[in-house]
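Descriptive structure summary
Given next are the chains, with one letter for each unit.
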Amino acid sequence: GTFGRSIYVLDDYTPLRTNAASVATAEATLFDVRDPWLYVEGDLWGTYGSAQASNGNDFWFAENPPFGAVFTYTLRDGLETRAQSRRKAEREVEKNGGDTPYPSWDTLRAEDREDDPAIVFTVTDATGAVVRRMTAPSTKGLHRVAWNLRYGAPDPVDINAGPTSIFAGQQDGPLVIPGQYTVTMGKRINGVVTPLGSPKTFTVKELDNSPELSEDRAATLAFQQETVGLSRAVSAAGAAGGELQNRLNHLKVAIEALAEPNDAQRANVQAIEALLDEARVAIFGDSTVASRNEPVPFSITQRVGQIRGWGWSHQSPVTGSDKQALEIAKTEFAVVLASLKDIELRVEALEAELGTKGAPYTPGSGVPNWPG
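Predicted model only: the values in this text are computed from it and were never measured. (Residues numbered from 1 in each chain as written. Predicted model: local features only at pLDDT ≥ 70, side-chain atom pairs only at ≥ 80, totals over all residues. Heavy atoms only, no water.)

With respect to unusual backbone geometry
The backbone of Leu 149 shows a phi angle near 65°, a positive value even though the residue is not glycine. Structurally, the position occupied by Leu 149 is in the loop between β6 (141-147) and β7 (179-189). Even without being glycine, Asn 190 reaches a positive phi, approximately 50°. Position of Asn 190 relative to the elements: it lies in the loop between β7 and β8 (192-206). Overall, the relative accessible area of 34% leaves Asn 190 in the partly exposed class. (Helix = DSSP H or I, 4+ residues; strand = E, 2+ residues; numbered from the N terminus. Buried < 20%, exposed > 50% of the residue type's maximum accessible area, 1.4 Å probe, protein only.)

Below you can see the structure in the form of structure tokens.
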């Protein structure tokens, strides 16, 4: 406590009960994990994970401890890239007045091609199945990261994704069910993961604080995992449709470069694009109508998003409306998926045809053949 009528809260002092000598000599130490409670975080002020929301800077609040399973670990030296390690060694030589020759081309080439090292946490359930993988800070010293007790999101990979808005909604998968889990820490160097420290087992505890909680959590999770599979496929189909449109846009330009009549090819690409437009309307909705503030039927993405939006944010039994919505989405998506596969074959055939006619390279055409 303080004389300013405040208190400091140390929410987990497990690391203080660890032998300091063993921590100092070990390359890395993963401390015991406290058993977390399973519940759905509240959104009293309008958003998950932030009491500030849109209340302004004058709205004072104190942060809660991190939700979920908190992994506390320490790194004796931290992880360094080849270039960082080389420069550190050179600086020591420079301090003593020594010579630091220019590195060889092979050394610099290896540095340029190296992936950044990372600390990786792998969470498995009682059966040994991987539930979640997370990367964490790799610098020297003490760190804490929290797993939010959820599976990973089924969204397409986006290597350029930045931080999401606080109003973006749920970006993870469903909650896990109560039970025993194990976390393993490792260091990833150029794609190779080497274990660090000792695995830690912990128990996700059920917080029985609501009469709406499902008595069959496994059944609830099974439905949620089914929606995960459909959500992954629908979002992948949407992304693939965008890639097909990009290929068609390039083919339109390549067709104009043909040194022969191109009426048949232009008609072909227009016909393919018309089919793709219809498929994208089914997936994303009719933007022509919606942009004029007129109502449009639910798209497949909207229907799956609705199931995902509230279906992954509770621990209650699955509702009948969610079950019905899932069946409708599955039926509609099967038709669209067959259409997209046909469109993909047509695009590939057109790309192959243009390749034989000497058209310029377009995305998706593959590595060229060269008779010389």
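Re the packing of helix α2 (residues 82-95) against helix α3 (residues 105-113)
It is at 8 Å that the axes of α2 and α3 come closest, and there the two elements cross at 130°. Considered as vectors, α2 and α3 are oriented oblique to each other. Note on element contacts: α3 touches α2 through Thr 107, Leu 108, Ala 110 and Glu 111, opposite Arg 82, Ala 83 and Arg 86. For the contact of α2 with α3, the per-class residue count stands at three nonpolar, one polar and three charged. (Axes fitted to C-alpha atoms, helices over the stretch in contact; angles between N-to-C directions. Parallel < 35°, antiparallel > 145°, perpendicular 65-115°, else oblique. Contact = heavy atoms within 4.5 Å. Nonpolar A, V, L, I, M, F, W, Y, C, P; charged D, E, K, R; others polar.)

Observations regarding the sheet that holds β6
Strand order across the open sheet formed by three strands is β1-β3-β6, with antiparallel pairing between neighbours. Of all strands in the sheet, those with a lone pairing partner are β1 (28-30) and β6, marking the two edges. Taken pair by pair, the neighbouring strands of this sheet meet at an average axis angle of 20°, ignoring direction. Examined bridge by bridge, β1 and strand β3 (residues 69-75) share three bridges and lie antiparallel to one another. (Pairing = 2+ DSSP bridges.)

Describing a nonpolar patch on the surface
The grouping of Leu 10, Tyr 13 and Leu 16 at the surface amounts to a nonpolar patch, some 370 Å² of accessible area in total. Within the secondary structure, Tyr 13 is located in the segment before α1 (20-25). On the basis of relative accessible area, Tyr 13 is assigned to the partly exposed category, the value being 44%. (Patch = residues over 30% accessible without salt bridge, like charges linked within 9 Å, V, L, I, M, F, W, Y side chains within 5 Å. Areas by Shrake-Rupley, 256 points an atom, 1.4 Å probe, with all protein chains shown as cover. Salt bridge = Lys/Arg side-chain N within 4 Å of Asp/Glu carboxyl O.)

Topic: the packing of helix α4 (residues 217-255) against helix α8 (residues 320-356)
Orientation of α4 relative to α8, taken along the N-to-C sense of each, is 25°, at an axis distance of 9 Å. In terms of orientation, α4 and α8 fall into the roughly parallel class. Here α4 and α8 pass one another in a crossing that is left-handed. (Left-handed = near helix turned anticlockwise from the far one by under 90°.)

Some thoughts on α8
The end-to-end C-alpha distance of α8, which contains 37 residues, comes to 55 Å, matching closely the 54 Å that a straight helix rising 1.5 Å per residue would cover. For α8, the complete set of buried residues consists of Asp 322, Ala 325, Leu 326, Ala 329, Phe 333, Val 336, Leu 340, Ile 343, Val 347, Leu 350, Glu 351 and Leu 354. On the buried face of α8, the contacting elements are α4, α5 (263-284) and α7 (300-311). (Expected span 1.5 Å × (residues − 1).)

Examining the pairing of β3
Most of β3 is tucked away: seven of the seven residues are buried. Burial along β3 is two-sided: Ala 69, Phe 71, Tyr 73 and Leu 75 facing one way and Val 70, Thr 72 and Thr 74 facing the other are all buried. Bridge count between β3 and β6: seven bridges; the pairing is antiparallel. Looking at the pairing, Thr 72 lines up with Arg 144 of β6.

Details of the environment of Ala 359
Looking at where Ala 359 falls in the secondary structure, it is placed in the segment after α8. When its relative accessible area of 17% is taken as the criterion, Ala 359 is described as buried. Each C-alpha atom, one on Ala 359 and one on Gly 320, is 54 Å from the other, the two residues being 39 residues apart in sequence. When sequence neighbours within four positions are dropped, the list of residues in contact with Ala 359 reads Ala 254, Leu 258 and Leu 354.

Thoughts on empty space enclosed by the protein
Take a probe with the size of a water molecule and roll it over the atoms, and the empty space left behind shows itself. Scanning the entire structure with this criterion turns up one cavity of 30 Å³ or more. Considering only enclosed or pocket space, the largest cavity measures out at about 90 Å³ in volume. Taken together, Leu 38, Leu 175, Val 176, Ile 177, Ser 214, Arg 217, Thr 220, Leu 221, Gln 224, Trp 312, His 314 and Gln 315 make up the full set of residues lining the largest cavity. Looking at the lining of the largest cavity element by element, the count peaks at four residues for α4. Grouping the constituent residues of the lining of the largest cavity by class yields six nonpolar, five polar and one charged. (1 Å grid on protein atoms, 1.4 Å probe; cavity = no way out; pocket = protein on both sides within 12 Å on 5 of 7 lines; lining within 4 Å. Points joined across faces, edges and corners; volume = space filled by probe spheres on them.)

Here's the deal with the packing of aromatic side chains
Counting across every chain of the model gives eight aromatic pairs. With a centroid separation of 6.4 Å and an interplanar angle of 70°, the aromatic rings of Tyr 102 and Trp 105 are classed as edge-to-face. Considered together, Tyr 102 and Trp 105 belong to a single accessibility category, that of exposed residues. Here Tyr 181 and Phe 202 contribute two aromatic rings whose centre-to-centre distance is 6.4 Å and whose plane-to-plane angle is 25°, an arrangement assigned as stacked. Of this pair, Tyr 181 sits in strand β7 while Phe 202 is found in strand β8, placing the two residues 21 residues apart along the sequence. Judged by relative accessible area, Phe 202 falls into the buried class, the value being 1%. An aromatic cluster is defined as three or more aromatic residues linked by ring pairs; in this entry it consists of Phe 71, Tyr 73, Phe 121, Trp 147, Tyr 181 and Phe 202. Here the guanidinium or amino end of Lys 205 rests over the ring plane of Trp 37, the centre of that ring lying 4.1 Å away. (Phe/Tyr/Trp six-rings, centres within 6.5 Å; stacked < 30°, edge-to-face > 60°. Lys NZ or Arg CZ within 6 Å of the ring centre and 35° of its normal.)

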